[in-house]
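Spelled out from the first residue to the last, the chains are:
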Amino acid sequence: MKNDLLFDFTLDKPSKTVFITREFDAALPLVWDAFTKAELLDQWVAPKPWSARTKHMNFEVGGRRFYAMVSPEGQERWSVQEFTSITPKTNFKMYNTFSDENENRQLPGSDWDYNFSEQNGITKVKITIVNESLERLEKMIEMGFTEGFKMSIDNLEKLLETLSQK
């Protein structure tokens, strides 16, 4: 594991946007899979001690991922992600909303734009999250998004390290 990998996390409240750039010491196809396959997402996306559980995922334009973040006590926080654009191995976009356990969406939501690139075996992921309202951004922050996302990225780094050794 390299310690000099870039990790930039910026909240811009006036534009209701979160900008994240993170480098990983792993090949692009492996990092892409970690962001686009339910069985891998469920292994890293929830900050400990929470876990993630995908009920269903169809990674194609117009497809959805319906999943929950599950607390150690069994509390579930559901979300729906609808994939709006996919350019294999370089970019995908999705619309994300909180929901209930029956996929009833709680608007407003946010648009997520993921960009992937690789140079010298280091994969860079740039994520831009544009919230439809400042209230939505503030709710994400209140729910611990900043700390939780950073913890999840640490989980991902460990998973990539394990998968790279296989």
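Described below are features of the structure shown in this document. (Residues numbered from 1 in each chain as written. Predicted model: local features only at pLDDT ≥ 70, side-chain atom pairs only at ≥ 80, totals over all residues. Heavy atoms only, no water.)

### Considerations on the sheet that holds strand S8 (residues 122–131)
As summarised here, the arrangement of the 8 strands in space is S1-S2-S8-S7-S6-S5-S4-S3, forming an open sheet in which the pairing is antiparallel. For this open sheet the edge positions go to strand S1 (7–12) and strand S3 (51–57), each flanked by a neighbour on one side alone. Sheet twist, expressed as the average angle between the axes of neighbouring strands with direction ignored, equals 20 degrees. (Pairing = 2+ DSSP bridges. Helix = DSSP H or I, 4+ residues; strand = E, 2+ residues; numbered from the N terminus. Axes fitted to C-alpha atoms, helices over the stretch in contact; angles between N-to-C directions.)

### Details of the side chain of Asn-91
Of note, Asn-91 is situated in strand S6 (residues 91–99). Judged by its relative accessible area of 9%, Asn-91 falls in the buried class. Within the local environment of Asn-91, its side chain forms a polar contact with the side chain of Asp-113, the two groups lying 2.7 Å apart. A polar side-chain atom of Asn-91 sits 2.8 Å from the main-chain carbonyl oxygen of Tyr-114. (Buried < 20%, exposed > 50% of the residue type's maximum accessible area, 1.4 Å probe, protein only. Polar contact = N/O pair within 3.5 Å; in protein donor to acceptor, adjacent residues only side chain to side chain.)

### Description of the pattern of salt bridges
Applying the stated criterion to the full structure yields 7 salt bridges. One salt bridge in this structure joins Glu-76 and Arg-53, with 2.6 Å as the shortest N-O distance. Placement of the pair is Glu-76 in strand S5 (residues 76–87) and Arg-53 in strand S3, with a sequence separation of 23 residues. Judged by relative accessible area, Glu-76 falls into the partly exposed class, the value being 36%. Of the residues examined, Arg-53 reaches a relative accessible area of 38% and is grouped as partly exposed. Close ionic contact of Arg-105 with Glu-82 constitutes a salt bridge, the shortest N to O distance being 3.4 Å. Taken together, the positions of Arg-105 in strand S7 (residues 105–119) and Glu-82 in strand S5 put the pair 23 residues apart, joining distant regions of the chain. (Salt bridge = Lys/Arg side-chain N within 4 Å of Asp/Glu carboxyl O.)

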